[in-house]
Amino acid sequence: MKQDTLLAQSGARRDPATGAISMSICPSAAFQHPALGQSTGFDYSRTGNPTRLALEESMAALEGGARALAFASGMAAVDAVMGLFSPGDTILVTEDMYGGTFRFFERFCKNRGLRFVYADTSATEQTADILKQQEFRGLFVELPTNPLLKVADLNALGTLAKKHGLIYIVDNTFLTPVFCRPLDFGADVTVYSATKYLGGHNDLVAGLAVARDAELGGRLAYIQNAVGAILSPFESWLLLRSLKTLSLRLKKHAENAREVAEFLSGHKAVANLRYPGLSTDPGHAILTSQARGHGAIISFEVASHAEVERILASVKVFFFAESLGAAESLITYPFVQTHADIPADMRTRSGLTDRLLRLSVGLEDPGDLIEDIARVLN
Ligand SMILES: *Cc1c(COP(=O)(O)O)cnc(C)c1O
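Just so we're clear, the structure is a prediction, and the values are computed from it rather than from any experiment. (Residues numbered from 1 in each chain as written. Predicted model: local features only at pLDDT ≥ 70, side-chain atom pairs only at ≥ 80, totals over all residues. Heavy atoms only, no water.)

Teacher, can you tell me more about the site of the ligand here?
Every one of the 14 residues lining the ligand counts as a neighbour, but Met-75, Asp-171, Ser-193, Thr-195 and Lys-196 are closest to it. For the ligand, a nitrogen atom lies 2.7 Å from a polar atom in the side chain of Asp-171. Here an oxygen atom of the ligand sits 2.8 Å away from a polar atom, N or O, in the side chain of Ser-193. Burial of the ligand by the protein amounts to 92% of the accessible area it has alone, namely 380 Å². Split by residue class, the shell around the ligand holds four nonpolar, seven polar and three charged. (Near = heavy atom within 4 Å. Polar contact = N/O pair within 3.5 Å; in protein donor to acceptor, adjacent residues only side chain to side chain. Areas by Shrake-Rupley, 256 points an atom, 1.4 Å probe, with all protein chains shown as cover. Nonpolar A, V, L, I, M, F, W, Y, C, P; charged D, E, K, R; others polar.)

Okay, here's the thing in structure tokens:
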């Protein structure tokens, strides 16, 4: 079945006893054994839960992966994926990435003996050179990057990952499987903050990891059960409900974002506009070749820190908040919010300045959004 059909029917056809079309929420912590040595397939909810399994199987099908696992947050999903590595392993990471992932790598994973090297993974040649300099075990890519929206060549990185025997991980939070399926380009695992577009309504925190092959999926399931950072049955159900409208929502998000970006591109108070949906954006061609949409995150610079402060205090339709990917449009100041934990020299090197603003364009009327931005920029 095509992706839109899978999405619309997420969680359906799983209860022949009642014919329920909406997957039921099953809060049971334990499940009765039919006899010694027998199982219904469910024993204890940390290991497996019917509502969570419906979500996990829906996601695996959407991505074309062998197995998906649902976690309590995006960070819990990233944590599980890092469990695939051993002390002493070095992982090459996109330098301009979500600040929380950077903090997790630097403040936690390093203490567990993992090592990280950061690079501009949108520069394929440079990435290839770095991979030649020492031994790596993993490649962790964010696409497009956050907040500068640089676009890596997933296929080229897939070839490099294969050549060097790396576990290739893509954080696909910004595009979701509706716009891009990194497993098709050689990624071994995708990770998501499902708090963002997959959830889409600013009403849940969740994470997902999807493995291309069953062996890796089995290892992630083992970690999920051993560590226990599972998604609750209620939130699994909410996420299944959100998946039904994912494709519709993303198309509208992207249409709105294009209109807002086109407005910003002609504005004299705006510098360094980044939106890969614009044909003038450096990431446009490569993203168009590997994705069905360009997402709805925009970043740009204004004249000064004082201007940032004034804009954040004056928006009326946009909310000043730190998240992305929901119905409501948000404006974020990455320098002090999402990316405060990235060292100053790294922020400067990648262009993450104290004048940079990030928009998550929501589902409102684009005219209202543009009017709001036009008013605060003037
Ligand atoms: C938000 C986010 C995360 C972390 O996910 P949580 O659900 O907040 O734990 C990871 N990666 C990206 C790209 C994000 O935007």
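For this particular structure, what's the right way to read the side chain of Ser-329?
Summarising the element assignment, Ser-329 is placed in the loop between strand S10 (319–320) and strand S11 (330–332). Of note is the side chain of Ser-329, whose polar atom sits 2.7 Å from the side chain of Glu-364. (Helix = DSSP H or I, 4+ residues; strand = E, 2+ residues; numbered from the N terminus.)

Would you mind going over the pattern of salt bridges with me for this structure?
Where side chains of opposite charge bring their charged atoms close, a pairing between them can arise. Taken as a whole and assessed by the stated rule, the structure comprises 17 salt bridges. In this structure, the salt-bridge partner of Arg-112 is Asp-79, at a minimum N-O distance of 3.1 Å. Linking Arg-112 in the loop between helix H4 (99–109) and strand S3 (115–119) with Asp-79 in helix H3 (residues 74–82), this pair joins segments that are 33 residues apart in sequence. Judged by its relative accessible area of 42%, Arg-112 is partly exposed. Arg-181 is the partner of Asp-184 in a salt bridge, and the nearest nitrogen-oxygen pair spans 3.0 Å. When salt bridges that share partners are traced, they join Arg-103, Arg-107 and Asp-341 into one network. (Salt bridge = Lys/Arg side-chain N within 4 Å of Asp/Glu carboxyl O. Buried < 20%, exposed > 50% of the residue type's maximum accessible area, 1.4 Å probe, protein only.)

It is not clear to me how the packing of aromatic side chains should be interpreted in this structure. Could you clarify?
Given two aromatic rings, one states the distance between the centres and the angle between the planes to describe the pair. Applying the stated criterion across every chain, the model contains eight aromatic pairs. Residues Phe-104 and Phe-105 carry aromatic rings whose centres are separated by 6.2 Å and whose planes lie at 45° to one another, so their mutual orientation is tilted. Taken as a pair, Phe-104 and Phe-105 share a single burial class, namely buried. Each ring, one from Tyr-333 and one from Phe-335, has its centre 6.5 Å from the other, and the planes form 35°; the classification is tilted. By the ring-pair criterion, three or more aromatic residues cluster together here, those being Phe-104, Phe-105, Phe-108, Phe-116 and Phe-140. (Phe/Tyr/Trp six-rings, centres within 6.5 Å; stacked < 30°, edge-to-face > 60°.)

Can you walk me through the sheet that holds S10 in this structure?
Backbone-to-backbone hydrogen bonds join strands into a sheet, with any given pair of strands oriented parallel or antiparallel. Overall, mixed pairing links the five strands, which are arranged S8-S9-S12-S11-S10 in an open sheet. Only two strands of the sheet have a single neighbouring strand rather than two, namely strand S8 (271–274) and S10. Relative to strand S9 (residues 297–301), S8 is paired through two bridges, and the arrangement is antiparallel. Paired with Ala-271 across the two strands is Glu-301, which belongs to S9. On the sheet, helix H12 (residues 305–314) packs against S10, S11 and strand S12 (356–360) and is oriented at approximately 25° with respect to S12. (Pairing = 2+ DSSP bridges. Contact = heavy atoms within 4.5 Å. Axes fitted to C-alpha atoms, helices over the stretch in contact; angles between N-to-C directions.)

Help me understand a negative patch on the surface, please; the structure alone is not making it clear to me.
A cluster of acidic residues, Glu-255, Glu-259, Glu-262, Asp-365, Asp-368 and Glu-371, forms a negative patch on the protein surface. Among the secondary structure elements, those contributing two or more residues to the negative patch are helix H10 (246–265) and helix H14 (366–377). For the negative patch, the leading source of residues is H10, giving three residues. Inspection of the secondary structure puts Asp-365 in the loop between S12 and H14. (Patch = residues over 30% accessible without salt bridge, like charges linked within 9 Å, V, L, I, M, F, W, Y side chains within 5 Å. Lys, Arg positive; Asp, Glu negative; His and termini not counted. Charge placed at Lys NZ, Arg CZ, Asp CG, Glu CD.)

In this structure, what is going on with unusual backbone geometry? I would like to understand it.
A cis amide bond, omega -25°, links Leu-143 with the succeeding residue Pro-144. Take Pro-144: it is sitting in the loop between strand S4 (138–142) and helix H6 (154–164). A positive phi angle, near 60°, is found at Arg-13, a position not held by glycine. Residue position: Arg-13 is located in the loop between helix H1 (3–8) and helix H2 (50–63). Taking the relative accessible area as the measure of exposure, Arg-13 reaches 69% and is therefore exposed.

I'm lost on the sheet that holds S3 in this one. Help?
Strand order in this open sheet of seven strands is S1-S7-S6-S5-S4-S2-S3, and the pairing throughout is mixed. In this open sheet, the two edge strands, each paired with only one partner strand, are strand S1 (67–71) and S3. Going from strand to strand, the sheet's axes swing by 20° on average, the running direction of each strand aside. Sheet topology note: the S1/strand S7 (residues 207–211) ladder contains five bridges and is antiparallel. Residue pairing in the sheet places Phe-71 in a bridge with Gly-207 of S7. With respect to the sheet, H3 is in contact with S1, strand S2 (90–94), S3, S4, strand S5 (167–171), strand S6 (189–193) and S7, its orientation differing from that of S6 by roughly 155°. Strands in contact with H4 are S2, S3 and S4; relative to S3, the strand with the most contacts, it is inclined by about 150°.

Teacher, can you tell me more about helix H8 (residues 214–227) here?
Each full turn of the α-helix corresponds to 3.6 residues, which orients residues three or four apart in the same direction. Here H8 spans 20 Å end to end across 14 residues, near enough to the 20 Å set by a 1.5 Å rise per residue. Taken residue by residue, H8 has Leu-216, Gly-217, Leu-220, Ala-221, Ile-223 and Gln-224 as its buried positions. Across the axial projection of H8, the buried residues extend over an arc of 160°, all falling on one side. Along H8, the residues that are exposed and aim more than 90 degrees away from the buried face are Ala-214, Glu-215, Tyr-222 and Ala-226. Where the residues of H8 are buried, they touch H2, S1, H3, S5, S6 and S7. Note on H8: the residue one or two positions beyond its end, Gly-228, has a positive phi of about 90°. (Expected span 1.5 Å × (residues − 1). Arc of directions from axis to C-beta.)

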